[in-house]
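Working through the structure, step by step
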Amino acid sequence: SLTNHFILFKHMKKIFYFAIAMSIAVFASCEKQGGKEDEKEATKVTVAEDALVLHLPFEDGSVAVGEGVTFASKEGKAELVDGFIGKAYTNTSGDAKEAGYLKYNLAATNCINSLKSFTFSAWVKRPALGSGTFFSVNGGEHDWGSTMQFFFDNTGVGEDGATYQQFNARIDSYKQGEDGNKFQASCWPNVQGPEFAKVDEWFHVARTYDAATGAWKVYVDGVQTHDGVHEFGDPAGPFGDLDLTSPTMNALYIGGWAAIIDGVNNQDWMTFFNGSVDEVRMYNRALTDQEIGQLWQQEKLINLE
């Protein structure tokens, strides 16, 4: 009858709307559980995970992922504030002459002094150009009082009218002298360009060294900007394996010169870092051009989430 058909129609209508509601619920659940989670999984840093020996994310000052590395203290105007990814180290003084640094203790055997080759990478941001070290490992037998340091220096204007900034990556490695005794030799290419002269913006800087060839490279935002070869000996050849086993190495600093902090040297140009540092990573080999590009891209994608 017409009544029965009407009842059946209402019943089928309820089933239809119920099915739609269930479909929406399932879709929303998948979007919530799969969409965002899968996105985070897809953009986490997966580059050369087997070669990563040190990671300082600065989410918590006490976090240090690396053999023989433990957080020691936060000094001066150093604070953990919003960074490129989560929190970052920042010298909140806004003054390169004012101390603000993080200290990490290094055990006798650690992820730094065991390096033969390496890749260093970090995100940096500064309110103004100028000198300042953002990563420094103490030790050594010279008046620099450091085994490894990455810093900016010497701002100027090039012939093209662009503002240039110098980036330094000094590594002091032991070598065998002709007399049979060990001495420290420096791997220290000073590179400069407008790509380092960025103010009030985060940029990614990376430095690699390949012991097999002596080749070193510098990258900014995933792109190679400089390269060269470290040589040693007579006749000159590749510098070879690094030997960073300084008996006086016991600390790593973010934002300050080891030489000043340890009282080894106090030259005026050895200033603290006026700015922020985030996502410090050290690898035990020279990453390839493609890997550096992927590292920059993956960290940038995480920043955009």
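Reading guide: rules and limits
Position numbers for residues start from 1 in each chain and track the written sequence from start to end. Predicted model: local features are reported for residues with pLDDT of at least 70 only, side-chain atom pairs are reported and counted for 80 or more only, and whole-chain, interface and lining totals are derived from all residues. Where side-chain values are given, they derive from all heavy atoms of the structure, hydrogens and water being excluded. Buried Ala, Val, Leu, Ile, Met, Phe, Trp, Tyr and Cys residues form a nonpolar core when they are joined through side-chain atoms within 4.5 Å. Three exposure classes are used, based on accessible area relative to the maximum for each residue type with a 1.4 Å probe and protein chains only: buried under 20%, partly exposed in between, and exposed over 50%. Helical segments are the DSSP runs of H or I of at least four residues, strand segments are the runs of E of at least two, and each set is numbered from the N terminus. By definition, residues are in contact when any of their heavy atoms lie within 4.5 Å. When two rings of Phe, Tyr or Trp (its six-membered ring) have centres within 6.5 Å they constitute a pair, described as stacked for plane angles under 30 degrees, edge-to-face for angles over 60, and tilted for the intermediate range. Note on geometry: a ring has a charge over it if NZ (lysine) or CZ (arginine) is within 6 Å of the ring centre and within 35 degrees of the ring normal.

Another point: the nonpolar core. In terms of nonpolar packing, the biggest core is built from 47 residues, with F134, F135 and I254 touching the most fellow members. When residues in this core are grouped by element, the largest group, four residues, is from strand β7 (residues 118-125). The residues contacting F134, other than those within four sequence positions of it, are F120, V124, F150, F151, F152, F167, V205, Y253, I254, G255, F273 and V277. Judged by nonpolar contacts, the second largest core, of 11 residues, contains F151, A259, M270 and F272.

This next bit is on the environment of A107. Position of A107 relative to the elements: it lies in the loop between β6 (100-106) and β7. Taking the C-alpha atoms as reference points, A107 and A251, separated by 144 residues in sequence, lie 8.4 Å from one another. Every residue in contact with A107, bar those within four places of it in the chain, is listed here: G68 and N113.

Turning to the packing of aromatic side chains, a few remarks are in order. Within the structure shown, the criterion is met by 23 aromatic pairs. Measuring from centroid to centroid gives 6.2 Å for F151 and W269, while their planes differ by 40 degrees, and the two rings are tilted. Residue F151 is found in strand β9 (residues 146-157), and its partner W269 is found in the loop between α2 (258-261) and β19 (276-283); the two are separated by 118 residues along the sequence. Between the aromatic rings of F152 and F167, the centroid separation amounts to 5.8 Å while the plane-to-plane angle is 50 degrees, which identifies the pairing as tilted. Of the two residues, F152 sits in strand β9 while F167 sits in strand β10 (residues 163-176), which places them 15 residues apart along the sequence. In terms of burial, F152 and F167 fall into one category: buried. Ring pairs connect the aromatic residues F118, F120, F134, F135, F150, F152, F167, F196, F203, Y209 and F273, which therefore count as one cluster. Over the aromatic face of F152 sits the side chain of R126, whose NZ or CZ is 4.0 Å from the ring centroid. Just above the ring of F232 sits the side chain of K175; from NZ or CZ to the centre is 5.3 Å.

That is the geometry; function is a separate question.
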